[in-house]
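A closer look at the structure
Each chain, written out:
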Amino acid sequence: MAASPSTARTINDRLALRLLQDEGPLTAAQLKTLTGLSRPTVADLVERLSGSGLVHVVGEAGAERRGPNAKLYGLVADRAHLAALDVRTRSVSVAVTDLLGTPLAEAAAPVGEDAGTGPAVEKAVALLERTAGEAGVERLHTVAVGAPGLIDPATGELRDSTGLPAWHRRLVGVLQERLPAHVLVENETNLAAVAELREGAARGREDFVLLWLGQGVGAAVVLGGRVRRGASGGAGEIGFLPVPGTSGLPSSTGCDGGFHELVSTVAIEALAADHGLDPAGALTSGHTAFLDAYARRLAVGAAAVASVLDPGCVVLAGETGHQGGPELAARVEAELARLSPLRTEVRATVLGDAAVLRGALLRARDTAQDALFP
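All residue numbers here refer to positions counted from 1 along the written sequence of the relevant chain. Local features in this predicted model are restricted to residues of pLDDT 70 or higher, and side-chain atom pairs are both shown and tallied only at a pLDDT of 80 or more, whereas totals for entire chains, interfaces and linings draw on every residue. Only heavy atoms go into the side-chain values, all of them from the structure, while hydrogens and water stay out.

For the protein chain, the name recorded in an unreviewed UniProt entry is ROK family transcriptional regulator, with Streptomyces roseolus as its organism. UniProt positions are given in the numbering used here, feature names are shortened, and annotations may be inferred rather than shown by experiment. Here is the UniProt Sequence similarities (unreviewed entry) comment for the protein chain, exactly as written: "Belongs to the ROK (NagC/XylR) family."

Let's talk about the pattern of salt bridges
By convention in these notes, a salt bridge is any Lys or Arg side-chain nitrogen within 4 Å of a carboxyl oxygen on Asp or Glu. All chains considered together, the criterion is met by 17 salt bridges. One salt bridge in this structure joins Arg338 and Glu335, with 3.1 Å as the shortest N-O distance. Residue Arg338 and its partner Glu335 are both found in helix α10 (residues 318–339); the two are separated by 3 residues, about one turn of the helix. One salt-bridge network, in which partners are shared between bridges, spans Arg14, Arg18 and Asp370. Strands here mean DSSP runs of E at least two residues long; helices mean DSSP runs of H or I at least four residues long; both are numbered from the N terminus.

A look at empty space enclosed by the protein
Residues are called lining when one of their atoms sits within 4 Å of a cavity or pocket point, these points coming from a 1 Å grid over the protein atoms alone, where a cavity is a set in which a 1.4 Å probe fits but cannot get out and a pocket is an open set with protein on both sides within 12 Å along at least five of seven lines. Grid points are joined across faces, edges and corners, and a volume is the space filled by probe spheres set on the points. If you walk through the whole model with that rule in mind, you get 1 cavity of 30 Å³ or more. Computed from the structure, the largest cavity encloses a volume of approximately 30 Å³. With 4 residues, the single largest contributor to the lining of the largest cavity is helix α11 (residues 355–372). All residues other than Ala, Val, Leu, Ile, Met, Phe, Trp, Tyr, Cys, Pro, Asp, Glu, Lys and Arg, Gly among them, are scored as polar; the first ten of these are nonpolar and the last four charged. Considering only residue class, the lining of the largest cavity consists of 3 nonpolar, 2 polar and 2 charged.

Quick look at helix α6 (residues 188–199)
Between the first and last C-alpha of α6 there are 16 Å, a value that for 12 residues agrees with the 16 Å anticipated at 1.5 Å per step. Burial status follows relative accessibility: with a 1.4 Å probe on protein chains alone, a residue under 20% of its type maximum counts as buried, one over 50% as exposed, and anything between as partly exposed. A large share of α6 lies buried, amounting to 10 of its 12 residues. A 3.5 Å cut-off defines polar contacts: any pair of N or O atoms within that distance qualifies, except that in protein one atom must be a possible hydrogen donor and the other a possible acceptor, and neighbouring residues in sequence count only when both atoms are side-chain atoms. Capping the start of α6 is the job of one residue whose side-chain oxygen sits 2.9 Å from the backbone nitrogen of Thr189: Asn187. For a helix, the expected span equals 1.5 Å multiplied by the number of residues minus one.

Have a look at this one:
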C-alpha cells in the first residue's frame, strides 16, 4: 500500500533531519540529491521543519560562483540539551551537550567507599546540576546514565545486584523525581559497545563482541548492528563463564571460579607479581612472557564467545583493554586462532575510558531526537 500523505511527510522529514545530523548543514539542492525527493517536496519539508523550530538557516554556500548564494540549513542545536553520567563504583563523570552532541561542559568527582547511599546520590546529583549550570543550561531534555549491573528489559530499570553500590540504583530514581527530563539507564558495557560501534574500534562492523576488562569483567553482544540484551538483560555476563584454570566454578551470587577470576584487575596483579613486574605498568611493559600468559587467559573466554556467536570481531575495552592496546589485541588474536577454527579479529578499544560516557551521550541524543523529530 502507498503511504498516506501525512505518513510520507513524516518519513521525508525524518530522513532530512537525519541527514542534517549526520552530514551537517546542507542546502536545499543537497537535500534534494541526498533524499531523491523533488524540489517542491524539499522546499515544503524545509518550510515545515523551520516552522517547527527544528531547522534554521546557518549560513550560505556557493560564494565562489556567480549568482545568489544558496542558504545552508542546519539543526537548531539548542532546541534541547542532553546529559550523560558514567557511574562507577567509586566515582561519577558527567557531560552536557546540545542536541547535536556538541560538548558544553564536563566534570567528574570521586565517591568514597564509606559514603552512604544518600550522600553519594546527593553528590552525583549536585555534580550534574553544577555542570549543567556551567554550560548555561536551565533545563535538560534527556539524561542517560551508564552503570554496571543488569537492566531489567521489562521496566528499563537497574536491577538490585549484590556487590554493587546501592546508591547506583537510587540515583536513577532521584534523577527521575527531581528533573523535568527523560531519564534512562543502560549497562555501561552496552554503552561502550554503542560508542565503539559508531565512533570507535568497531566502526563499519555489524557484528562484534566487546569485552569489558577491569575490576569487573563483562561483555556486550552486537549483532546486526544492534546491542542484544538477552531475555533477562544479562547477555554478556561473561565473568560468570566457567573456564579451565580457575579455583572452581562460579555461583549465582559470585563470579569467583569464572572467567572473571582469570582476567580481572586482581588476576593481572597476581600474574604480574609472578613475573616480577609492577602491576601498575605490567600491561605496557612489553614483557613478552607476561603478555603471552595474559593473552592466553583472554583467549579462553574469547574462544567460548566465538564458538557460540561467531561475531568475527572482538574488541578489548575497559581499563585493561585500553592499557594493553594493539599489542595485547594482536597476541589474543593469535592465541584465539589456535583455539578456534572461526576467523576472529581482535581489536583494542579506540575510545578508552571515555567510551561509556560517549555511548551514554549517543543514547541520549538518539532518544531526544526520536522525541523531537516529527
